[in-house]
Amino acid sequence: MNNFKNLRGTVDLLPDQLIKWQNVEKIIIEQLFRASVKEIRTPILEMTELFMRGIGEGTDVVSKEMYTFLDRGERSCTLRPEGTASVVRALIQNGVSSKPSQKLWYMGPMFRYERPQAGRQRQFHQLGVEFVGYESARSDIEIITLAWDILEKLGIKELNLEINTLGDQNDRSNFQKAFLKWLEVNKNSLDLDSQKRIDKNPLRILDTKNVQTKKILEDSPKLVDFLSEKSLERYLTIKDKLKLLKIPFIENFNLVRGLDYYTHTAFEITSGLLGSQATVCGGGRYDNLISQMGGTETPAIGFAIGLERLILLSGKDLEESRETDIYIVNKGLNAETMAMDLSRKLRNYDLKTELDLSGASFSKQFKKANKLKSKSIIVIGDDEALKNEFIIRLFNQENFENMEETISVDDVTKLDNWLDKNLLLKRS
Ligand code: HAM
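Residues numbered from 1 in each chain as written. Predicted model: local features only at pLDDT ≥ 70, side-chain atom pairs only at ≥ 80, totals over all residues. Heavy atoms only, no water.

Trainee: Lay out the overall build of the chain with the relevant residues and their values.
Mentor: Assigned secondary structure in the chain consists of 16 helices and 16 strands. The globule rule puts the C-alpha radius of gyration for 428 residues at 22 Å, and the 28 Å found for the chain is more than 25% above it. For the C-alpha atoms alone, the extent of the chain along its principal axes is close to 90 × 60 × 45 Å. Every one of the 428 residues in the chain was classed for burial, and the buried ones make up 49%. (Helix = DSSP H or I, 4+ residues; strand = E, 2+ residues; numbered from the N terminus. Rg over C-alpha atoms; globule rule 2.2 N^0.38 Å. Buried < 20%, exposed > 50% of the residue type's maximum accessible area, 1.4 Å probe, protein only.)

Laid out in structure tokens, this is it:
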């Protein structure tokens, strides 16, 4: 027999771990709802061309990390490495990119063939937010504060926001010319990886982790010096507003991001509590992407948060699961059917119920209910089933006899009253 294992860089999320995931997702979704951001879902599988055009062929993501294969119809398909390109495609294809403005979010698995380590997987999950049709610097602030607030709401500590501007296409091409000249002179002092990037994606050299190259880069031309007046003004406004809103940030002129579509604002949020994979959130403006992909010219800005990194950072208090409200103990053929019927009815209430399916002795079933710390218990034996009734009582409480009721299956009012008094009203 083959011992099957999951693929390297992928993980199973087991029920106990998922309690925290679900709590994190719930808090995020509530926060997005309150900010009037709507959900969008796009396929995990897309045409390869979409990412080549959207993200850029010179990027690491496209040139080295994509899961790409031919399907049975010989079409080149790719498991999405990120969500922005897919959202843009969906908006153009469905004719909604021309709507005035939309705030969208998505959550789900992404795939990158990277070297796995703590906080870095080949299948990982992102929450993405995209504001499409938003041009003003106010939307940059709104998107940055939204990301910041989500992280704060989840209790993430030691957050650092880094911002930079990449200017518009013109600013960048002016900078690139000067930078390439500088690179030519300094090429031999750079690490090998950076040397290789000169032809493919020179801007990414700014993002190097090599300490020596970093030092040399301190003297290189800075993009901020090549900004047009308009771009500079936009950048200054964003910095001023962030200060007014008391969102602490640092400027990092080397922050260029790993995807080609960015213009103007680029930002990342890291946490000092993560190891080498410290970036929890990355995003920025992409004003040219939609027109580049065949849509009408539409400004846009967004970010994505890596959920695995978020889970690593979010506290123990998010791990609590809700206790069982009612455990249904049942024994005997008639009792079983009645228990199943009752359990279905109880799912109409905001209660967590557990139906014992074991057929084990009453005492074993009681032990199980006790282990689950169920707040109450329903008992149905064949005697009760014959009379079409069940016993309900609070569990593990002194004087439980007082709370015990025998209720006829058809007496909905009596059941409602008992549940209200003992479980539902107590919670609210
Ligand atoms: P990104 O910086 O490539 O941006 O990814 C965003 C976040 O996803 C990272 O900060 C990190 O937390 C997480 N992440 C990336 N790769 C991995 C991995 N291999 N394992 C675990 N987590 C990972 C984007 O994807 C853009 N689409 C963001 C965006 C949206 N920009 C504008 N709109």
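Trainee: Residue-level account of the pairing of strand β12 (residues 326–330), with values.
Mentor: For β12, a buried count of 5 out of 5 residues is recorded, marking the element as mostly surrounded by other parts of the structure. Residues I326, I328 and N330 of β12 are buried on one face, and the alternating residues Y327 and V329, pointing to the opposite face, are buried as well. Looking at chain direction, β12 and strand β13 (residues 353–355) are connected through 3 bridges and run parallel. Residue pairing for β13: Y327 is matched across the bridge by E354. Taking the sense of rotation as the criterion, the β-α-β connection linking β12, helix α12 (residues 333–346) and β13 turns out right-handed. Bridge analysis of β12 against strand β14 (residues 376–380) gives 5 bridges, and the strand direction is parallel. From the neighbouring strand, V329 faces β14, where its bridge partner is V379. (Pairing = 2+ DSSP bridges. Right-handed = clockwise from strand over helix to strand, strands pointing away.)

Trainee: Provide a residue-level description of the packing of aromatic side chains, including the pertinent values.
Mentor: A full pass over the atoms with the stated rule returns 9 aromatic pairs. A ring pair is formed by F362 and F366, whose centres lie 6.5 Å apart and whose planes are at 35°; its orientation type is tilted. With a gap of 4 residues between them, F362 and F366 both fall in helix α13 (residues 362–371), about one helical turn apart. Residue F362 is classed as partly exposed on the basis of its relative accessible area of 31%. Judged by relative accessible area, F366 falls into the partly exposed class, the value being 24%. (Phe/Tyr/Trp six-rings, centres within 6.5 Å; stacked < 30°, edge-to-face > 60°.)

Trainee: Can you lay out the site of the ligand for me, pointing to particular residues and giving the numbers?
Mentor: Every one of the 26 residues lining the ligand counts as a neighbour, but E82, E114, Q121, E130 and Y262 are closest to it. T279 places a polar main-chain atom, nitrogen or oxygen, 2.9 Å from an oxygen atom of the ligand. At 3.3 Å from an oxygen atom of the ligand is found a main-chain nitrogen or oxygen belonging to G306. Taken by itself the ligand offers 660 Å² of open surface, and the protein chains cover 95% of this. Contributing elements (two or more residues each) for the shell around the ligand: β6 (123–132), β10 (279–285) and β11 (300–306). Broken down by element, the shell around the ligand gets its largest block of residues, 6 residues, from β10. (Near = heavy atom within 4 Å. Polar contact = N/O pair within 3.5 Å; in protein donor to acceptor, adjacent residues only side chain to side chain. Areas by Shrake-Rupley, 256 points an atom, 1.4 Å probe, with all protein chains shown as cover.)

Trainee: Any chance you could break down the sheet that holds β14 for me, citing the residues and the numbers?
Mentor: Here 5 strands make up an open sheet; going across it, the order is β13-β12-β14-β15-β16 and the pairing mixed. Looking at the sheet topology across the chains shown, the edges are occupied by β13 and β16 (405–408). In this sheet, neighbouring strand axes are inclined to one another by 25° on average, regardless of whether the strands run parallel or antiparallel. Strand contacts of α12: β12, β13, β14 and β15 (389–394), with the helix running at about 165° to β12, the strand carrying the most contacts. Those strands touched by α13 are β12, β14 and β15, and its axis lies near 170° from that of β12. (Axes fitted to C-alpha atoms, helices over the stretch in contact; angles between N-to-C directions. Contact = heavy atoms within 4.5 Å.)

Trainee: Lay out the sheet that holds strand β5 (residues 102–111) with the relevant residues and their values.
Mentor: Across a sheet, strands are paired by hydrogen bonds formed along the backbone, either parallel or antiparallel in direction. The sheet built from 8 strands is open, its strands ordered β1-β5-β6-β11-β10-β9-β7-β8 with mixed pairing. Among the strands making up the open sheet, the edge pair consists of β1 (38–39) and β8 (250–251). Two elements, strand β9 (residues 263–271) and β10, share 6 bridges in a ladder whose sense is antiparallel. Counted as the bridge partner of T263 is R285 from β10. Against the sheet, helix α5 (residues 137–153) engages β5, β6, β7 (159–165), β9, β10 and β11, with an angle of about 15° to β11. Where helix α9 (residues 229–244) meets the sheet, it contacts β7, β8, β9 and β10, and its direction lies at approximately 160° from that of β7.

Trainee: How would you sum up the environment of L91? Please name residues and give values.
Mentor: Within the secondary structure, L91 sits in helix α4 (residues 84–93). Sequence-wise, L91 and L7 are 84 residues apart; in three dimensions their C-alpha atoms are separated by 33 Å.

Trainee: Tell me what's going on with the pattern of salt bridges, and back it up with residues and numbers.
Mentor: Across all of its chains, the model carries 20 salt bridges by this definition. With a shortest N-O distance of 2.7 Å, R285 and D140 are connected by a salt bridge. Taken together, the residues span a long stretch of sequence, with R285 in strand β10 and D140 in helix α5 at a distance of 145 residues. Comparing R285 with D140, the two get one shared label, buried. A salt bridge links D341 to K345, with the nearest nitrogen and oxygen atoms 3.6 Å apart. Placement of the pair is D341 and K345 together in helix α12, with a separation of 4 residues, close to one helical turn. Overall, the relative accessible area of 35% leaves D341 in the partly exposed class. Note on K345: relative accessible area 38%, which makes it partly exposed. Look at the salt bridges and you will find they share partners, linking D140, R234, R285 and D287 into a network. (Salt bridge = Lys/Arg side-chain N within 4 Å of Asp/Glu carboxyl O.)

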